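Structural characterization, general
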Amino acid sequence: MNINPDLSVPLYQQIREHLIQQINESVYPSGSRLPSERDLASHFGVSRVTVRQALNSLIQEGVIHSQTGKGHYVYKPKLDQELGFLTSFTEEMHQRGVDPSSKVIHAEIQLAMLEITEHLQITLGTEIVFLQRVRQADNEPIALETAYLPHSICPGIVERFDFSNDSLYKVLREEYACPLIWAKQRMQARLPTPVEQKLIGVNQGSPVLSITRITYSHHNHPVELVRSIYRGDQYELGIILR
Ligand code: 16G
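These remarks concern the structure in this document. Model, not experiment: these values are computed from the prediction.

**Re the overall build of the protein**
The secondary structure content of the protein amounts to eight helices and 10 strands. Compactness check: the protein gives a C-alpha radius of gyration of 23 Å against a globular reference of 18 Å for 242 residues, more than 25% above the reference. Dimensions of the protein along its principal axes, counting C-alpha atoms only, are 80 × 35 × 35 Å. Residues counted as buried form 43% of the 242 residues belonging to the protein. Summed over its atoms, the accessible surface of the protein is roughly 13,600 Å², and 50% of this surface lies on carbon and sulfur atoms.

**Quick notes on the nonpolar core**
Ranked by size, the top nonpolar core spans 19 residues in total, and within it I157, L168 and L172 carry the most contacts. At the level of elements, β5 (127-137), β6 (140-150), α6 (157-160), α7 (168-175) and β9 (222-231) are the ones that each hand at least two residues to this core. Of the residues forming this core, the biggest block, four residues, is contributed by α7. Look past the residues within four positions of L172 in its chain and what remains in contact with it is L149, I153, C154, I157, A177, C178, L180 and V223.

**Section: unusual backbone geometry**
Negative phi characterises most residues that are not glycine, and trans characterises most peptide bonds. In this model, Q121 sits at a positive phi of 50°, which is unusual for a non-glycine residue. In this structure, Q121 sits in the loop between α5 (114-120) and β5. Among the residues examined, Q121 registers a relative accessible area of 59% and is labelled exposed.

**Points about the pattern of salt bridges**
One pass over the structure, following the stated rule, counts nine salt bridges. Residue R133 is joined to E145 by a salt bridge in which the shortest nitrogen-to-oxygen separation is 3.7 Å. Of this pair, R133 sits in strand β5 while E145 is found in strand β6, placing the two residues 12 residues apart along the sequence. Between E175 and R160 there is a salt bridge whose closest N-O contact spans 3.2 Å. Of this pair, E175 sits in helix α7 while R160 sits in helix α6, and the two are 15 residues apart along the sequence. Connected through salt bridges with shared partners, the residues E37, R48 and R52 form a single ionic network.

**Looking at the site of the ligand**
Around the ligand, 16 residues are found, and the nearest of them are T90, E145, S167, L168 and R213. Within the side chain of E224, one N or O atom sits 2.9 Å away from an oxygen atom of the ligand. For the ligand, whose unbound accessible area comes to 460 Å², protein coverage reaches 100%. Under a 2 Å grid-point criterion requiring more than half of the atoms, the pocket assigned to the ligand is the largest cavity. Every element with two or more residues in the shell around the ligand is listed here: α4 (89-95), β5, α7, β8 (208-216) and β9.

**Regarding the environment of L86**
The residue L86 is located in the loop between β3 (79-83) and α4 in this model. Not counting residues within four places of it along the chain, the set of residues in contact with L86 comprises E91, L180, I181, W182, A183, R213 and T215.

**Quick word on the packing of aromatic side chains**
Applying the stated criterion to the full structure yields four aromatic pairs. Here the aromatic rings of F161 and Y176 are separated by 6.4 Å at their centres, their planes lie at 70°, and the arrangement is edge-to-face. Of this pair, F161 sits in the loop between α6 and α7 while Y176 sits in the loop between α7 and β7 (182-190), placing them 15 residues apart in sequence. Ring plane angle 10° and centroid distance 4.2 Å describe the contact between W182 and Y216, whose orientation is recorded as stacked. Of this pair, W182 sits in strand β7 while Y216 sits in strand β8, placing them 34 residues apart in sequence. A connected cluster of aromatic rings, assembled from ring pairs, spans F161, F163 and Y176.

The rules we used
Residues numbered from 1 in each chain as written. Predicted model: local features only at pLDDT ≥ 70, side-chain atom pairs only at ≥ 80, totals over all residues. Heavy atoms only, no water. Helix = DSSP H or I, 4+ residues; strand = E, 2+ residues; numbered from the N terminus. Rg over C-alpha atoms; globule rule 2.2 N^0.38 Å. Buried < 20%, exposed > 50% of the residue type's maximum accessible area, 1.4 Å probe, protein only. Areas by Shrake-Rupley, 256 points an atom, 1.4 Å probe, with all protein chains shown as cover. Core = buried A, V, L, I, M, F, W, Y, C linked by side-chain atoms within 4.5 Å. Contact = heavy atoms within 4.5 Å. Salt bridge = Lys/Arg side-chain N within 4 Å of Asp/Glu carboxyl O. Near = heavy atom within 4 Å. Polar contact = N/O pair within 3.5 Å; in protein donor to acceptor, adjacent residues only side chain to side chain. 1 Å grid on protein atoms, 1.4 Å probe; cavity = no way out; pocket = protein on both sides within 12 Å on 5 of 7 lines; lining within 4 Å. Sits in = over half its atoms within 2 Å of the grid points. Phe/Tyr/Trp six-rings, centres within 6.5 Å; stacked < 30°, edge-to-face > 60°.

Everything listed here is a matter of coordinates, which is why it stays silent on function.
In structure tokens:
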């Protein structure tokens, strides 16, 4: 489509339509960066003001978003979790068609502190598995998960498995005969701490979804306490109400 100054359709609208067409045809796939304002202006033979008008209208429609100092990016649909089913991160990502992986920050045995003992119904000083991972989707950090499990239910788990690729729930189910049956979860939005900002690559002002989960096996036996934060810009939660 050529930009035609003689048409009654304003120039910025013509550019807007042209860009939408190219996004639909994946000339600019989701998540990709659009050419700079300057390049678009010279490509279409219009002023940068006109290009900016077209880009602003695409931002308002939620087709693209701008990143200060970096340019304009095609909107990428958020990964969403549908609450109501107990899934693992790995399963959830497979359902979304993305490739899950993790960066293991800690995988070690510790002695339980008071606050953990209450949730896991264990006594002070009991051995627990402390597993902290940055969870990634297609190699992009999505969440930081910090899990505590009684070591007695999964002895040797830290030495035997590599949680940069292994799924914790699969290992528990298949190697320790400990299926996860149900969980209770609390959620709140908050701002990330400086350490969290660094680990999941968000800046100070980007809200994260903070989730605390206690997961139970048979006979309401608590198996894990997990504190997670999910990137608010990448993750969406749906809730099934019946
Ligand atoms: C999910 C769970 C987390 C669990 C993890 C296991 C939430 C909020 N959290 O991320 O509690 O430890 O899955 O994932 O949904 P994995 O089996 O892929 O290691």
